[in-house]
Amino acid sequence: MAAKRLMAEYKQLATQAPEGIVAGPKEESNYFEWDACIMGPIGTPFEGGVFSAVMTFPSDYPLSPPTMRFTCDMFHPNIYPDGRVCISILHAPGDDPMGYESSAERWSPVQSVEKILLSVISMLAEPNPESGANVDASKMWRDNRELFNKKAKNLVRKSLGL
């Protein structure tokens, strides 16, 4: 069931991908490992960047969410230093044991790869510093936005090989 769902989502993305998103299986023989490229959102310090990531899907997808990790350097409040993305849509379904997120914000089988990637674009544009996966980035975003923006713009240049 998972492979069939992932094939359908890939076909959908291949024919009607939202602007700024490219994603698909690393190999046609394995629909559970995807490469993704996300363009930095316009009007943000990440604008113009092309950021690569990997998505790994569990065998019970869509009942459980995939994981997502940037494979390029990233500095963002909601991205761990190792590249793992920390957003509600990728958190296991049900109630948050910490009481921070509502179950409606977390993963559900009606979500899709496209919705995840669009959520990541939104996250790049509007970080949630209260849910800091990268404490240094969260602090800089809150306390020194100018330095944060400069660091993000340097990442854009690096993502383009400049």
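Provided above is the structure to which this section pertains.
Attention in this report is confined to the structure presented alongside it. Just so you know, these numbers come straight off a predicted model, no measurement behind them. (Residues numbered from 1 in each chain as written. Predicted model: local features only at pLDDT ≥ 70, side-chain atom pairs only at ≥ 80, totals over all residues. Heavy atoms only, no water.)

Observations concerning a nonpolar patch on the surface
For step 1, the next point in the chain: There is a patch of nonpolar side chains on the surface, built from Met-39, Val-50, Leu-160 and Leu-162 and spanning about 370 Å² of accessible area.
For step 2, the next point in the chain: In this structure, Leu-162 sits in the segment after α4 (145–159). (Patch = residues over 30% accessible without salt bridge, like charges linked within 9 Å, V, L, I, M, F, W, Y side chains within 5 Å. Areas by Shrake-Rupley, 256 points an atom, 1.4 Å probe, with all protein chains shown as cover. Salt bridge = Lys/Arg side-chain N within 4 Å of Asp/Glu carboxyl O. Helix = DSSP H or I, 4+ residues; strand = E, 2+ residues; numbered from the N terminus.)

Here's the deal with the sheet that holds strand β3 (residues 50–56)
For step 1, the next point in the chain: With respect to topology, 4 strands assemble into an open sheet ordered β1-β2-β3-β4, the strand pairing being antiparallel. For this open sheet the edge positions go to β1 (21–27) and β4 (67–70), each flanked by a neighbour on one side alone. Geometrically, the sheet is characterised by an average inter-axis angle of 25° between neighbouring strands, direction not taken into account.
For step 2, the next point in the chain: Here β3 pairs with β4 via 4 bridges, running antiparallel. The residue of β4 that forms the bridge with Val-54 is Arg-69.
For step 3, the next point in the chain: The sheet contacts of helix α1 (residues 2–16) involve β1 and β2 (30–39), and relative to β2 the element is tilted by about 30°.
For step 4, the next point in the chain: Packed on one face of the sheet, helix α2 (residues 113–125) meets β1, β2, β3 and β4 and runs near 30° to β2. (Pairing = 2+ DSSP bridges. Axes fitted to C-alpha atoms, helices over the stretch in contact; angles between N-to-C directions. Contact = heavy atoms within 4.5 Å.)

A short note on α2
For step 1, the next point in the chain: Taking 1.5 Å of rise per residue, the 13 residues of α2 would be expected to cover 18 Å, and the 19 Å separating its terminal C-alpha atoms lies within 8% of that figure.
For step 2, the next point in the chain: Along α2, the residues classified as buried are Val-113, Ile-116, Leu-117, Val-120, Ile-121, Met-123 and Leu-124. Angular distribution of buried residues about the axis of α2 spans 160°; they occupy a single face of the element.
For step 3, the next point in the chain: Where α2 is buried, its residues meet α1, β1, β2, β3 and β4. (Expected span 1.5 Å × (residues − 1). Buried < 20%, exposed > 50% of the residue type's maximum accessible area, 1.4 Å probe, protein only. Arc of directions from axis to C-beta.)

Thoughts on the side chain of Gln-111
For step 1, the next point in the chain: Along the chain, Gln-111 falls in the loop between β4 and α2.
For step 2, the next point in the chain: When residues no more than four places from it in sequence are discounted, the contact partners of Gln-111 are Arg-5, Tyr-61, Ile-89 and Arg-106.

Some thoughts on the environment of Glu-47
For step 1, the next point in the chain: Among the secondary structure elements, Glu-47 is positioned in the loop between β2 and β3.
For step 2, the next point in the chain: On the basis of relative accessible area, Glu-47 is assigned to the partly exposed category, the value being 41%.
For step 3, the next point in the chain: In the structure, Glu-47 is positioned 46 residues away from Pro-93 in sequence and 32 Å away in space, judged by C-alpha atoms.
For step 4, the next point in the chain: Excluding residues that lie within four positions of it along the chain, Glu-47 makes contacts with Gly-40, Pro-41, Ile-42 and Val-156.
For step 5, the next point in the chain: At 2.9 Å, the side chain of Glu-47 forms a polar contact with the backbone nitrogen of Gly-43. (Polar contact = N/O pair within 3.5 Å; in protein donor to acceptor, adjacent residues only side chain to side chain.)

Describing the packing of aromatic side chains
For step 1, the next point in the chain: Counted by the stated rule, this structure contains 8 aromatic pairs.
For step 2, the next point in the chain: On the basis of an interplanar angle of 80° and a centroid distance of 6.0 Å, the ring pair of Tyr-10 and Trp-34 is categorised as edge-to-face. Placement of the pair is Tyr-10 in helix α1 and Trp-34 in strand β2, with a sequence separation of 24 residues.
For step 3, the next point in the chain: A ring pair is formed by Phe-57 and Tyr-61, whose centres lie 5.0 Å apart and whose planes are at 80°; its orientation type is edge-to-face.
For step 4, the next point in the chain: The class for Tyr-61 is buried, based on a relative accessible area of 1%.
For step 5, the next point in the chain: These aromatic residues form a ring-pair network of at least three members: Tyr-10, Tyr-31, Trp-34, Phe-57, Tyr-61 and Trp-107.
For step 6, the next point in the chain: The lysine or arginine in question, Arg-145, covers the ring of Trp-141, its NZ or CZ lying 3.6 Å from the ring centre.
For step 7, the next point in the chain: Note that Lys-151 overlies the ring of Phe-75, its terminal NZ or CZ placed 4.6 Å from the centroid. (Phe/Tyr/Trp six-rings, centres within 6.5 Å; stacked < 30°, edge-to-face > 60°. Lys NZ or Arg CZ within 6 Å of the ring centre and 35° of its normal.)

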